[in-house]
Amino acid sequence: MTTTPFEIKAYPEMWAELDMDVPRFDKARLMLGEMYQKTFLSQAKRPSSMAYFDNMIAEIHGGRIKELLAAKAEGRPVIGTFCVYIPEEIVLAAGGICVGLCGGSQGSVPDAEKILPRNICPMVKSAFGFKVGRICPYFQAVDFVYGETTCDAKKKTWELLDTMVPTYVMEIPQLKRQRDLDLWLAEVKDFKAKVEEVAGRAISEEDMIFAITVMNNKRRALQRLNSLRHHNPTPISGKDGLLIEQIAFYDEPVRFAEKVNALCDELEERIKNGVAVPTKNATRVMVAGTPMALPNWKIHHLVEGAGAVIVNEESCIGTRYFKDLIDESFTNMEGMLVSLTDRYKEIDCSCFTPNNERITQVIKEFRDSKAQGIINYSLQFCHTYNIEEIRIRQACEREKIPYLFIESDYSAEDIGQVQTRIEAFLEQIRG
Ligand code: BJ8
């Protein structure tokens, strides 16, 4: 447990240069710092390697932004995305940086609701609000945004976002027939052309080989961490596991993989020495569903506050991001782009129909993680995850897996009610 006050570092001059609303953003910075201290730094027996990730949060609005601006000054493209279907390898191959844009905070939702309908997904509203309010340095730093057509809320919001920051859209088909996969490959090639245009240079085969290796290594590190979390008792809290999965979307990938592997070395030692976090007999829960973007720590904080531990996230900020690797045996551009598209099509987002693979995957991850129950989480107004909930619930009933569905947003309004339901669920598991 730390007693030093945690602070997210302030860079007011840089923020002013980025045309941000500095006074407002500075208040949000202080609130985020307090929230981080309360949520993360109060945990007992944290691995010492978490210091790197704490520092990534301390520098979230400064150090990393400086790196993005330095890359831009060298003519390297900086591209913002909202979905794990946008192939980061291509950006990396062009010498650029891909960042997942913010969309996990209630603070920016009122800005969005001045323009967008209220009854749409909080992630879309939060992200849009960050740009409207000029309260996200990542949004202010990117050269352009690459959106996709995974859901109606997002694809219609891109049209409005484009009036504030150049926004391009990748068509993601929602079936997986051969003609859909052909379209997908063509979209990947268009994305590559756009990135090359902004970078001012063509991507070579060597560039692609390098980028595929870097991204595969990053995913391997996250896979390793996930399997260590599956150890019973688990050597790291679910909150810290989720935090690392969130940081994966904005950190530099080679450094990030090194730090995750260093943490894994420490966790292996802990396992050898029988060090468990949080407690040896904590009830093990797996979360499935919609992504939890930074700083959405609501469910993890409530579950772990009730003495349980989360051991797996079947989510895009979770296993959907790292479970599949790109086949590294191709060295010609066409072969690499085909194998890249093949890997991305394995992401089983609920926007696909049918999506049987995801139902099987949820049960597999439940077994692999040695969880005792599943919390299926959906953001409010996300129709595809909300409807797919029915099939996940049916599968859990068939397999006799304790199951709880939570639909929530980013506000604090339902915390009491969600907490009561979580506690009742944990009681049910514990018998
Ligand atoms: S691949 S899960 S990151 S689309 S924004 S669909 S929550 S209503 S985020 Fe996603 Fe890509 Fe799929 Fe993953 Fe629903 Fe909200 Fe839409 Fe959302």
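In this report, the structure presented in the accompanying data block is examined. (Residues numbered from 1 in each chain as written. Predicted model: local features only at pLDDT ≥ 70, side-chain atom pairs only at ≥ 80, totals over all residues. Heavy atoms only, no water.)

**A word on the sheet that holds strand E6 (residues 309-314)**
The 4 strands lie next to each other as E6-E5-E7-E8, forming an open sheet whose pairing is parallel. Single-partner strands in this sheet number two, and they are E6 and strand E8 (403-408). The average undirected angle you get between the axes of adjacent strands in this sheet is 25°. Two strands pair when backbone bridges link them, and strand E5 (residues 284-289) and strand E7 (residues 373-379) are joined in this way by 5 bridges, in the parallel orientation. Counterpart to Val-287 in the pairing with E7 is Ile-375. Sitting on the sheet, helix H11 (residues 205-229) touches E5 and E6, and the angle it makes with E6 is about 140°. (Pairing = 2+ DSSP bridges. Helix = DSSP H or I, 4+ residues; strand = E, 2+ residues; numbered from the N terminus. Axes fitted to C-alpha atoms, helices over the stretch in contact; angles between N-to-C directions. Contact = heavy atoms within 4.5 Å.)

**What to know about empty space enclosed by the protein**
Tallying each qualifying case throughout the model produces 1 cavity of 30 Å³ or more. In this structure, the largest cavity encloses a volume near 70 Å³. Considering the residues around the largest cavity, the lining is formed by Phe-82, Met-123, Val-124, Ala-127, Phe-128, Lys-154, Thr-157, Trp-158 and Leu-161. Elements with a contribution of two residues or more to the lining of the largest cavity: helix H7 (122-132) and helix H9 (152-161). Its residues assigned to classes, the lining of the largest cavity comprises 7 nonpolar, 1 polar and 1 charged. (1 Å grid on protein atoms, 1.4 Å probe; cavity = no way out; pocket = protein on both sides within 12 Å on 5 of 7 lines; lining within 4 Å. Points joined across faces, edges and corners; volume = space filled by probe spheres on them. Nonpolar A, V, L, I, M, F, W, Y, C, P; charged D, E, K, R; others polar.)

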